[in-house]
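Understanding the architecture of this molecule
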Amino acid sequence: MRYAMAIDTKKCVGCSDCVVACQLENNVPSGYCRDWVTETVHGSYPNIEMELRSERCNHCDNAPCVRCCPTGASHIVEGGVVLVTPNMCIGCGACIESCPYDARFSHPDGHVDKCTFCIHRVRKGLQPACVSVCPTKCMYFGDLDDPSSEVSKMLRTRQYKVLAPEAGTKPQVYYLV
């Protein structure tokens, strides 16, 4: 089992419903977020293209945040999901600095926090909160080892990219282009 997420950049409208759903589902403190929407503009007038992306922890197969954690608080669980155990985290910030996706933050309670792919929901057979509320249905989540999962189907039939491929982290969040 290998969990992954694919986000269709042609369908995302940048509404930030995913951000709000995550904050509510995971009791993220006000002023912080585990996911966010990024807008990039390419080209020059009159040939300009804009891309909207919902970004988060990429749950990397080769996660530098896990390798550099001195306490083992950052670790990988079933399905390749990268988690942080708050009571093991000393808040040193090494994992924050090592993440090429800028996907972690220092929680006011003194530990590092990040996206969990809502593993607590996934274990119950539910979709991550962000996926479940997306009004344009641009987010796909599932098991890459299951050829019938929506995410597997999308990655087989669409062109995609990952962020910062040069970092060698083997991210599990894909952007359909």
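Here we summarise the structure given alongside this text. (Residues numbered from 1 in each chain as written. Predicted model: local features only at pLDDT ≥ 70, side-chain atom pairs only at ≥ 80, totals over all residues. Heavy atoms only, no water.)

1. Section: the overall build of the chain
To keep things clear, this is the line we draw: Only DSSP runs of H or I reaching four residues or more are called helices, and only runs of E reaching two or more are called strands; each is numbered from the N terminus. As a reference, a globule follows 2.2 Å times the number of residues to the power 0.38, and the radius of gyration itself is taken over C-alpha atoms. Working definition: with a 1.4 Å probe on protein chains only, accessible area under 20% of the residue-type maximum means buried, over 50% means exposed, and in between means partly exposed. Contact criterion: two residues are considered in contact whenever any of their non-hydrogen atoms come within 4.5 Å of each other. Exposure was quantified through the Shrake-Rupley algorithm and a 1.4 Å probe, taking into account, for residues, occlusion by the shown protein chains and nothing else. Counting rule applied: Lys, Arg positive; Asp, Glu negative; His and chain ends not counted. To locate a charge, take NZ of a lysine, CZ of an arginine, CG of an aspartate or CD of a glutamate.
Scanning the chain for helices and strands turns up six helices and ten strands. Here the C-alpha atoms of the chain give a radius of gyration of 16 Å, agreeing with the 16 Å that 2.2 N^0.38 yields for 177 residues. Across its three principal directions, the C-alpha atoms of the chain cover 50 × 40 × 35 Å. Counting all 177 residues of the chain, 49% fall into the buried class. Within the chain, residue pairs in contact and separated by at least 24 positions form 56% of the contacts whose partners lie at least 6 positions apart. With the model as given, the accessible surface of the chain reaches about 8,900 Å², and the carbon-plus-sulfur share is 52%. With 18 positive and 19 negative side-chain charges, the chain shows a separation of 4 Å between the mean positions of the two kinds.

2. A short note on the pattern of salt bridges
For clarity, the cut-off: We define a salt bridge as a contact between a side-chain nitrogen of Lys or Arg and a carboxyl oxygen of Asp or Glu at a distance within 4 Å.
This model, assessed by the stated rule, comprises ten salt bridges. The salt bridge involving Arg53 is made with Glu51; its shortest N-O contact spans 2.6 Å.

3. Examining the packing of aromatic side chains
Worth spelling out the cut-off: Here is the rule: rings of Phe, Tyr and Trp (six-membered ring for Trp) pair when centre to centre is within 6.5 Å. Planes less than 30 degrees apart are stacked, more than 60 are edge-to-face, and the remainder are tilted. Criterion for a charge above a ring: Lys NZ or Arg CZ within 6 Å of the ring centre, and within 35 degrees of the ring normal.
Counting across every chain of the model gives four aromatic pairs. With a centroid separation of 5.1 Å and an interplanar angle of 75°, the aromatic rings of Phe117 and Phe141 are classed as edge-to-face. Placement of Phe117 in the loop between strand S7 (112–113) and helix H4 (119–122) and of Phe141 in strand S8 (residues 139–143) is noted, with a sequence separation of 24 residues between them. Summarising the burial analysis for this pair, Phe117 and Phe141 share the class buried. Look at Tyr160 and Tyr174: their rings are 5.3 Å apart centre to centre, the planes differ by 85°, and that puts the pair in the edge-to-face class. Of this pair, Tyr160 sits in strand S9 (residues 160–161) while Tyr174 sits in strand S10 (residues 173–176), and the two are 14 residues apart along the sequence. A connected cluster of aromatic rings, assembled from ring pairs, spans Tyr3, Phe117 and Phe141. The ring of Tyr175 has Arg53 sitting right over it, with the charged end atom 5.9 Å from the ring centre.

4. Some points on the sheet that holds strand S1 (residues 3–8)
Note the following rule: Here, any two strands with at least 2 DSSP bridges between them count as paired. Axis definition: a line fitted to C-alpha atoms, over the contacting stretch in the case of helices. Angles run 0 to 180 degrees between N-to-C directions.
Spatially, four strands are ordered S8-S1-S10-S9 in an open sheet, and the strand pairing comes out mixed. Looking at which strands have only one partner, the edges of the open sheet turn out to be S8 and S9. Of the strand pairs in this sheet, S1 and S10 are connected by four bridges, and their pairing is parallel. Bridge pairing links Met5 to Val173 in S10. With respect to the sheet, helix H6 (residues 150–157) is in contact with S1, S8, S9 and S10, its orientation differing from that of S8 by roughly 110°.

5. Digging into the nonpolar core
As a reminder of what qualifies: What we call a nonpolar core is a set of buried Ala, Val, Leu, Ile, Met, Phe, Trp, Tyr and Cys residues that are connected through their side-chain atoms within 4.5 Å.
Membership of the largest hydrophobic core comes to 38 residues, with the highest contact counts inside it found for Tyr3, Met5, Ile7, Val81, Phe117, Met139 and Phe141. Put simply, the parts of the chain that give this core at least two residues each are S1, helix H1 (17–25), strand S5 (81–84), helix H3 (94–98), H4, helix H5 (129–133), S8 and S10. By residue number, the principal contributor to this core is S5, which donates four residues. If we skip the residues at most four places from it in the chain, Phe141 touches Tyr3, Ala4, Met5, Phe117, Val122, Gln127, Pro128, Val131 and Val151. Ranked by size, the runner-up nonpolar core spans nine residues in total, among them Tyr140, Val151, Leu155 and Leu176.

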